[in-house]
Structures are given as C-alpha cells and as structure tokens.
Amino acid sequence: MAPTPTWETVLERNTVERIKLDKPPLGIRDELPALIAGGYEALPEEDIVRLQWWGLYHDKPKIGTFMLRVKIPNGVLSPAKLRTIGEVSNRYGRGDAEITTRQCIQLHWLELASLPDVFADLEASGITSAGGCGDTVRNITGCPVSGIAADELFDSTPIVDATTETYYGNPEWANLPRKHKYSIASCPDRCNAPEINCISLVGVLNDGREGYAVQVGGGLSSVPRMARDMGVFVSKEEAVEILGATTLVWSEDLKYRMSRVKARMKFMVDDIGADGMRERVEEKLGRTLERFELPPIDAQPSAHIGVHAQKHEGLSYIGVPVQLGLSAGEQLIAVADLVDSFGGDIRLTRQQNLIVTGVPNEQVDVVLAQLDELGLPLTTNEIWANSIACTGEPHCNFSVGQTKDRLRDLLDHLETTFGDAVSELRLHLDGCPHACAQHWVGDLGFQATTGKDADGQRISAYDIFVRGSLGPAPEVGRSLFRRVASEQLEPGVEGIVRGWLDQREHNETFTAFQRRLSDDELGVIAGREPAKKRVREEVDA
C-alpha cells in the first residue's frame, strides 16, 4: 500500500502546487502594473501560470499576446454584456471572438499592457473572467434555454445564479487540485452534456418534487470517462451545498494533488466508485442523503436550433448556427443591438451557437431576416450547428494541426455531396488530446496528429473516432482509423456516411449504424484498414 500523501510530498512533486502556495494566483491582478512596467519579456513563467486564474493563456506563438476566456454562467448574456464583449474585442484585440463548448466567449490578441483596461471594461458591465482557467470552478454550464423553454421540468436558473455567486472568483475555491466543471440543468433531453462534467446536477421530478440527481466523475481529455450516478436526490435548497461538499471530499484528499496527470475528480471516482463518493459526501455533510436512481432518457440532446415557442405567451426564441463558433466584435455588437430592440437576451450553446430570446411572434420573420444580414442565417444546413472544432491553429499552443479550417473543408464536402441528408450528423474535431471539442463523443471524432508520407516526410494527419455519443446510450468513442493523412479525410468520411445512407435500417441513426457494424465492416466502407485494438497482457503476480 502506498504511503499516505503529505503536503511535503505534494509540494516536492507538483510544481503548480508550489506556485499556488508561493502566491495565491487570484492576487496576480494586483501585480499587473508592476508586471507591465517590467515588460512582457521579463514576465516570470510562474506568473504566466497564475494569469490562468483570470482566464488568460498565451496566444500562439508566445510573442506577447493573450487569449482571454470570458465566463458566462449558463451562456446567458444581456445585450449590454454582449455589446461590451464585442467592444473589448475591437478595442484591445483584433476583433476576433469565438464561442466555446462551455458557453463562454474567447478573445484573442490582447497585450499585457491592455489587461487592466480589459478587466475594468468587462467588470463595469458585470462580466468576469475569474476562474476562466486554472485550478478553479470553471464556467458553469446548463441548458441555454433555461427559464424560457416550454418543455423544461423546472427553471434551474436560480440554482445556477446561486452557484455562480458562491464559487466565481472566490479564493476559498481557487486552490483545487485541477480544473473543475459543474453543469446544472433541468432540460428534458439533457442537452448540457452532464455525462462529461466533474459534477452535474440533473433536474428530475421525484414524486412531484423538483430537485436533482447527482452525477460525478465525468470528463474527457486523454482519459475519457462518463459520469456515474451517485444514487441520490437532492432538493433545490440543498443543491449548492451538495456541490461544495462533493468538491471538498476530492480537493481535500492529497492523493489527487500528487500528480497533475491524475488530479481530476474522475480519477477519484475510478478509485472509490460513485458509492464511495456518496459515502464520503454524507460523512462530510453529517447526514444521509435520499436514495434515488437517475432514470434514462430516450431523446437526443437538442442543439436548440430554429424557431421555438417560449413558455411566455406571444414570445419565441431563435437558435442560429454560428459556423465553427467563430464570430467577431462587430457581429456581437450588431446582435446585441438587434436583441436590445425587442427586449430579449442572448444565449450561447454547448455546440458553439447563438440563441436570441424574447422575440415577439409577430416579429419572428423580421428578426430572421436581420440575423441573416448579420451572417447568421437559419437556413444553413444543420450539420454546421451540430459540429464542433476547438480553437486550434492559429491560436492554441497545444494544437498540432488545423481544426476550424479543416472542419470547414470537411463539412463543405459532406454538404456538397449529400445535402440535407447529413444535417443531423455531429462531427467533432480537436487539435490535441485535451479534447476541448469533445471528439470522444461525436458521431465522428477527429484528433490532429502527425504521420509520414511515402518518402518519410512528416505530414498533417488525424485519428478518426467512431461510435461516440451522449444522450440515451452514452459511450466514449474509439480511434478506429489512425494517422489518416489530412487529404484522405474526405474520401474516408464520405465512405462511412454513404455506407450509412445506403445500408441503414429503418430510421437507424448514424451512431446505431456504426455500433451495428464490426470494425472490419466499417473499414470496408471507409476504404481503410482499421487500427488493431490495443490489448494489455495480464500477468499473474
């Protein structure tokens, strides 16, 4: 049995824990004037790490500009807040903006000297980036149409707001073992992907009582895990407390501070299971929680695209694709002005799209036309709304290949070849193993890598993942085709899609089709040799 970890061994082995102990990262804001005076070139690497706690990462290449991740709880923005984000992008960056899979907005090209003004402008509109990155509670995600959807079980907005008030920018929750992700929703189709968050509160009705089931231990990156049901029901009044207690039983266990590689909550759930987590949470709370089994669902997670009636009489919301999640400062400002004109708000989705709410029914056609003029047409093939690419090139230092441009080419090819027949497909493309675009759970997933051509020269390549999904039958995908040269993606993917369209059984989904076929059968229609499964040899001790 391994010895019980101590803070001495943690600090000996974990560089980031030493950085946090030396100076609490949230305090780096107060040092910005001195850091700016010293110049970017003199900025200590440890302070660059601390800047992550304010949502900052180096842009690529590391020559002095930063990416800023703005936190937007549940993806909900007033027109004034969206306008401010667009103005900050224009004023201090180069007008770039991108929507993320955690319902945030990321800005690029921000210089060190501008950061105090960036923060001041955002905070004047009630916007923060505190905890956008770093070992903190990251942006809290949920159903983007919470509070307005006609079919929601109940409104989870008050719980999201209370959780935000408790955890955002709070030093007591800014020294976790690693990044930590909450999702809270009562959406009937669980569109917020509770399966891949560290802790999810899943809205349920238990004998008519509104409350939540609790899922723990989800997450992707290079070691993907589906969250597990903790087997309890918690009332809305208990929700914030349960999140804190569950977080503490993980963050206080020094085992999960020894190594950054195995620090996420999912590794604790691997070790002790969902029942073990429940036992520790109950011990922390000093009471037994009500037992409850989370029921399955039979609906696919919605992207909320199109025109939908709100629960408020006479109003609708409109979800439109934002191709590849890419926007611009001017577009954000224009959308804000449009929504301001009828008194609605803006919601950002996990699929990197945009929803405008509170549209009077008699103005729907006019608003649709105005969105079209702003470069956000609803008539776009829905495959663009369902497909996701990470930041990747040219901004991300972790990416080893093209992401958004590469996905654009692939989607263009599929749309040209198959038209509306592929509108429901979900393609997720990542530039590295961090899986920000969630390639493990797409209908088809792609991860950038490298390969070699016939002359032994290094080339851009991608691993192709199959059979992944969320929803009624969640499953982590598998990399079936490895190191596929970039120029060979289109014929391989076309072959799989054509095989599905030609060979599917009645109403068979793309995921169900892939799971019905063997690896070799998928290889035949893709025109590629499947990778062999990695088998670990078991040796008796």
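In case you missed it, the structure is sitting above this.
Rules used in this analysis
Residues numbered from 1 in each chain as written. Predicted model: local features only at pLDDT ≥ 70, side-chain atom pairs only at ≥ 80, totals over all residues. Heavy atoms only, no water. Pairing = 2+ DSSP bridges. Helix = DSSP H or I, 4+ residues; strand = E, 2+ residues; numbered from the N terminus. Contact = heavy atoms within 4.5 Å. Axes fitted to C-alpha atoms, helices over the stretch in contact; angles between N-to-C directions. Buried < 20%, exposed > 50% of the residue type's maximum accessible area, 1.4 Å probe, protein only. Parallel < 35°, antiparallel > 145°, perpendicular 65-115°, else oblique. Left-handed = near helix turned anticlockwise from the far one by under 90°. Nonpolar A, V, L, I, M, F, W, Y, C, P; charged D, E, K, R; others polar. 1 Å grid on protein atoms, 1.4 Å probe; cavity = no way out; pocket = protein on both sides within 12 Å on 5 of 7 lines; lining within 4 Å. Points joined across faces, edges and corners; volume = space filled by probe spheres on them.

Trainee: Looking at this model, I keep getting lost on the sheet that holds strand 8 (residues 209-216). Mind explaining?
Mentor: Sheets are built from strands paired through backbone hydrogen bonds, the pairs being either parallel or antiparallel. Read from one edge of the open sheet, 5 strands run 6-7-8-9-10, paired in mixed fashion. The open sheet terminates on both sides in strands that have one partner only, identified here as strand 6 (182-185) and strand 10 (290-291). Sheet topology note: the strand 8/strand 9 (residues 228-235) ladder contains 5 bridges and is antiparallel. Within strand 9, the residue paired with Tyr212 across the bridge is Val234. Lying over the sheet, helix 7 (residues 157-167) contacts strand 6, strand 7 (199-206) and strand 8, oriented at roughly 155° with respect to strand 6. The sheet contacts of helix 9 (residues 265-285) involve strand 7, strand 8, strand 9 and strand 10, and relative to strand 9 the element is tilted by about 35°.

Trainee: How should I be thinking about helix 16 (residues 519-526) in this particular structure?
Mentor: Owing to its 3.6 residues per turn, the α-helix aligns residues three or four sequence positions apart on the same side. Three or more residues of helix 16 are buried, namely Asp519, Leu522, Gly523, Ile525 and Ala526. The secondary structure elements touched by the buried residues of helix 16 are strand 19 (458-466), strand 20 (478-485), helix 14 (489-503) and helix 15 (510-516).

Trainee: Can you help me understand the sheet that holds strand 15 (residues 354-360) in this one?
Mentor: Taken in spatial order, the 5 strands line up as 3-14-15-12-11 in an open sheet, and their pairing is antiparallel. Edge strands, defined here as strands with exactly one partner in the open sheet, are strand 3 (76-77) and strand 11 (306-309). Pairing geometry for strand 11 and strand 12 (residues 315-320), over 4 bridges, is antiparallel. If you follow His308 over to strand 12, its bridge partner there is Tyr317. Helix-sheet contacts for helix 10 (residues 329-342) involve strand 14 (346-348) and strand 15, and the interaxial angle to strand 15 is about 25°.

Trainee: Would you mind going over the packing of helix 8 (residues 239-251) against helix 9 with me for this structure?
Mentor: Angle between the axes and distance between the axes are the two parameters that describe a pair of packed helices. Between helix 8 and helix 9, whose axes approach to 9 Å, the crossing angle comes to 125°. The pairing of helix 8 with helix 9 is recorded here as oblique in orientation. The handedness of the crossing between helix 8 and helix 9 comes out as right-handed. Residue-level contacts link Glu241, Ile242, Ala245, Thr246, Thr247, Leu248, Val249 and Trp250 of helix 8 to Met265, Met268, Met277, Arg280, Val281, Lys284 and Leu285 of helix 9. The class makeup of the residues in the contact of helix 8 with helix 9 is 10 nonpolar, 2 polar and 3 charged.

Trainee: Quick question: what am I supposed to make of the layout of surface pockets here?
Mentor: Rolling a probe over the atoms, with the probe sized like a water molecule, indicates the empty space that remains. Roughly 700 Å³ of internal volume is contained in the second largest pocket. Here the element with the most residues in the lining of the second largest pocket is helix 15; it accounts for 3 residues. Here the residues of the lining of the second largest pocket are counted per class, giving 10 nonpolar, 11 polar and 8 charged.

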